[in-house]
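Spelled out from the first residue to the last, the chains are:
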Amino acid sequence: MVYPAAVKYLALVVLLVGCSGSADDDDSVAPFDPGPSPYSLDDVLQLPHVQAKGTHNSYHQQPDPVWDASHRYTHDPLDVQLEQHGVRQFELDLHYRTGAGFEIFHLPLIDEETTCRALADCLATVRGWSDVNPWHLPIVVWVEPKDEDADSLDPELEPLSGRWDEFDGALIDALGRDRIVTPDDVRGSHATLPAALQAEGWPTLGTMRGKFVFAMLDGGDARAEYLDGHAAAAGRVLFPGASSPDDPWAAMFKINDAAAESARVSELVAQGFVVTSNAGSADGEDNPQRWADSLAAGANFLSTDLPAEHATDWFADVPDGAPARCNPVSAPAECTAAELESL
């Protein structure tokens, strides 16, 4: 899964040249155009046809001491997960700190070790890998607002409420608008996202490679505030996680246990929705079976605490994935893993 060194070097040179300029130039992220796609099915295949590995709490480092068995795991940095473990979906827990801005960690005081505390650092890490691997599958990033869990324990942490415009802007500033697939890009001229998916489906992989898809992991107040004044998520960067296929913003679902809800997951994926499910936890006793059942159900992204061989006796892997495989529920017959991604 390693991109040829010469091509990586050339891509980096192109990036540096595109970003260079005088001090009078603006600070916007330069567009990155890798040229024609090397994949022959890029005008046919779409994101729901993909099945790939993701990570839960993707920034997480095991705390000392460990207060709960579910915290007993350590992830490699995000770019290492992309390069070495075939991860194509992340989950970032979001907080806001006075004087520092948006931060990424689990829980204050008891579980806050992280590979990239500042949101900007997390985004710079994944963008750096993307810049030299421009033909990667779209990277899905679930963002979970965590300010209501235990943030009151830290007086420097502030509510996320009222900061969603700022957050959208932070994503665009870090990656560039042209590197993000938004709800507007999927909805097009349709009134709702489900109507667009039924009529046209997602944009093809050829238009989504090298890009990022952000989704909100929340079904309560944060989602309601994020959607206020933005019908069907119009003008927003995040896809709000859906509760029902009838939600006007429905395009992406987080269903924690695909093995237990296999029929629902399969139906949603067959309808063109994208589903992420948890499958493989640090304290799980049935990880192998849950992983296998989640694959069979057709979950698009299987999120795990254990993505790497060095982590534990069992680790999550996508059979025949390079790093992704064709979804057994939704992919067309002509799909092959090599046509999804082969860096």
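Note that the structure is a prediction, hence the values are computed from the model and not measured. Think of each chain on its own: its residues are numbered from 1, step by step along the sequence as written. Confidence filtering applies because this is a predicted model: local features only for residues at pLDDT of at least 70, side-chain atom pairs given and counted only at 80 or more, and all residues used for totals across whole chains, interfaces and linings. Values shown for side chains rest on all heavy atoms present in the structure; no hydrogens or waters enter the calculation.

(A) How the structure looks around the pairing of strand 10 (residues 274-278). Accessibility here uses a 1.4 Å probe with only protein chains present; expressed as a share of the type maximum, an area under 20% marks a residue as buried, one over 50% as exposed, and anything in between as partly exposed. Working definition: helices are DSSP H or I runs of at least four residues, strands are E runs of at least two. Numbering for both runs from the N terminus. Of all five residues in strand 10, five are buried; the element is thus mostly enclosed. Two strands qualify as a pair provided that DSSP identifies no fewer than 2 bridges between them. In this sheet, strand 10 lies alongside strand 9 (residues 252-254) in parallel orientation, the contact comprising three bridges. Across the sheet, residue Lys-254 finds its bridge partner in strand 10, namely Thr-276. Looking down the strands as they point away from you, a crossover is right-handed if its path from the first strand over the helix to the second goes clockwise. Between the parallel pair strand 9 and strand 10, the chain is carried across by helix 9 (residues 262-270), and the sense of this crossover is right-handed.

(B) Geometry of the state of the cysteines. When two cysteine sulfur atoms lie within 2.5 Å, the pair is treated as a disulfide. Taken as a whole, this structure holds two disulfides when the rule is applied. A disulfide bridge connects Cys-116 with Cys-122, and the sulfur atoms are separated by 2.2 Å. On the sign convention where negative is left-handed, the bridge of Cys-116 and Cys-122, at about 100° about the S-S bond, is right-handed. Residues Cys-116 and Cys-122 agree in their burial class; the two are buried. Note that Cys-326 is cross-linked by a disulfide to Cys-335, the S-S spacing being 2.1 Å. Residues Cys-326 and Cys-335 are joined through a disulfide that is left-handed, its torsion about the S-S bond being -90°. Both residues of the pair, Cys-326 and Cys-335, count as buried. Assigning the bonded cysteines of the protein consecutive numbers by sequence position, one obtains the connectivity 1-2, 3-4.

(C) Looking closely at the pairing of strand 4 (residues 139-145). By the criterion of burial, strand 4 is predominantly enclosed, with seven of the seven residues buried. Burial along strand 4 is two-sided: the residues Ile-139, Val-141, Val-143 and Pro-145 and Val-140, Trp-142 and Glu-144 are all buried. Sheet topology places strand 2 (residues 87-97) next to strand 4; six bridges connect them, and they run parallel. Paired with Gln-89 across the two strands is Val-140, which belongs to strand 4. Relative to strand 7 (residues 212-216), strand 4 is paired through five bridges, and the arrangement is parallel. Looking across to strand 7, one finds that Val-143 is bridged to Met-216.

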